Amino acid sequence: MHVLIAGAGIAGLATALALQRSGATVTIVEQSSALREFGAGLQISPNGSRVLLALGLGAALEPVVCAAAAKEVRLWNSGRRWPLFDLGADALARFGAPYWMVHRGDLHRVLLAAVRAQRSDAVRLGAKACGFESIDGGARIALQLDDGSALTADALLAADGVHSSLRRVAFGSGAAEFTGLMAWRGVVPTAALPAALREPVGVNWIGPGGHVITYPLRRGELLNVVGIVERDDWRAEGWSDPGAHAEWRRDFVGWHTDIQRLIDAVEQPYKWALLSRPALPAWTRGRLCLLGDAAHPTLPFLAQGANMALEDAWLIARCLIERDEPVPQALQRFERMRRARCTRIVQGAADNAHRFHNRQLADPDSAVAYVDREWAPERVRQRYDWLFEYDALRLSLH
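Keep in mind the model is a prediction, meaning the values are calculated, not measured.

A. Broad picture of the pairing of strand S4 (residues 70–75). Among the six residues that make up S4, five are buried, leaving the element largely enclosed by the rest of the structure. Pairing geometry for S4 and strand S5 (residues 81–86), over five bridges, is antiparallel. Among the inter-strand pairings, Ala70 is bridged to a residue of S5, identified as Asp86. Counting the residues between successive antiparallel strands, the hairpin from S4 to S5 contains five residues, one of them, Gly79, with a positive phi of roughly 80 degrees. Pairing of S4 with strand S13 (residues 201–207), which is carried by six bridges, proceeds in the parallel orientation. Across the sheet, residue Glu72 finds its bridge partner in S13, namely Val203.

This is how it looks when you write it as structure tokens:
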């Protein structure tokens, strides 16, 4: 089987590797002329790390991942702490796979090297997908590129992200809606921080109208810092727009001094607007299938975007390779397996946006009661265990 993949990001590369390891020939087309992964940290929970380990990437990732010891909630102004769960030994014992924090660029490099080790010319750069058509009476699919050329294959997988051109061609664009939220991001060398901010834990600072997420990267050498704030005057969705420290500080006036120190320590802040998109009525059309952010874009408040992409990668490879059925039916099987879970994740992430920014957090008395209730151990397990227990490796295709 020959499979074409549009997009050489996390979703595209992981899918390519899963298919290669199942015996398929894969060609990835990527519109960029050079592969550079923007962004900073990713949280790879056990449902995602299972896939990476099954793809044989454990040894390559070990030097760059960071297994945080724990996760906790902190209150925006007082800094008061509430423990959430153990991300180290306990997560491994309960879910059978590790919880990793990793720099997006590090994971991307490991995936790219593994794909090219299988086939050195698997990735074709400077090739923008712009359309597709069924050929040979529906027995093949042709991918049209913007230079006028075309590539043919048995299946075409669109992993070209939230701005997917193939999704637009197949299903229409679907107007993106601004959520009223803007994000700041940056990384800090941990050596530049006081000891209290170097603890190997993931922290969710919650407050009225905003929240801040921090966690270690690259075996603890870096700290990832992301701040989300409610404001409507910045609507650019790109990841690479630089911002100013003074502007970031204004968005978090009154927050704990630890937050101010972290903002000041970021070498270059970046900012982007958070947009949402309506759910698509379908992900497949003949021999075309969307996956990753092209199929089910999500807000980052459950830290599951990359994990959904990894789950997609493993399962779409199995659907295409392991059953003797026509490609269109295999792709439809994949969609049926994935739609309910991905829809639940997208909704859960949206729900967390309200939970993290609740106005009850503005009042000292109601804030403590609110956190005690919303982050009680049983509620935390209800929100996260179903995510982490999911094992794409063991799902039946029947």
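B. Summary view of the sheet that holds strand S10 (residues 150–153). Pairing in this open sheet of three strands is antiparallel, and the strands run S8-S9-S10 from one edge to the other. Of all strands in the sheet, those with a lone pairing partner are strand S8 (129–135) and S10, marking the two edges. Pairwise comparison of adjacent strand axes, ignoring direction, gives a mean angle of 25 degrees for this sheet. Pairing of strand S9 (residues 140–145) with S10 involves four bridges; the strand directions are antiparallel.

C. Main features of helix H11 (residues 364–374). Looking at H11, one finds that the buried residues are Ala367, Tyr370, Val371 and Glu374. All buried residues of H11 lie within an arc of 95 degrees about the axis, which places them on one face of the element. Along its buried surface, H11 packs onto S4, S5, S13, helix H10 (327–356) and helix H12 (377–389).

D. Broad picture of the pairing of strand S11 (residues 155–158). On S11, burial covers both faces: Ala155 and Leu157 on one face and Leu156 and Ala158 on the other are all buried. Both strand S1 (residues 2–6) and S11 contribute to a ladder of four bridges, which runs parallel. Each bridged residue has a counterpart across the sheet, and for Ile5 the counterpart in S11 is Leu157. Relative to strand S19 (residues 288–290), S11 is paired through three bridges, and the arrangement is parallel. Following the sheet pairing, Ala158 is matched in S19 by Leu290.

E. Looking closely at the sheet that holds S4. Ordered in space as S5-S4-S13-S14-S15-S12-S17-S16, the eight strands form an open sheet in which the pairing is mixed. At either margin of the open sheet sits one strand with a lone partner, and together these are S5 and strand S16 (241–242). Packing of H10 onto the sheet brings it into contact with strand S12 (177–189), S13 and strand S14 (210–217), and relative to S13 it is tilted by some 65 degrees.

Conventions used here
Residues numbered from 1 in each chain as written. Predicted model: local features only at pLDDT ≥ 70, side-chain atom pairs only at ≥ 80, totals over all residues. Heavy atoms only, no water. Buried < 20%, exposed > 50% of the residue type's maximum accessible area, 1.4 Å probe, protein only. Helix = DSSP H or I, 4+ residues; strand = E, 2+ residues; numbered from the N terminus. Pairing = 2+ DSSP bridges. Axes fitted to C-alpha atoms, helices over the stretch in contact; angles between N-to-C directions. Arc of directions from axis to C-beta. Contact = heavy atoms within 4.5 Å.

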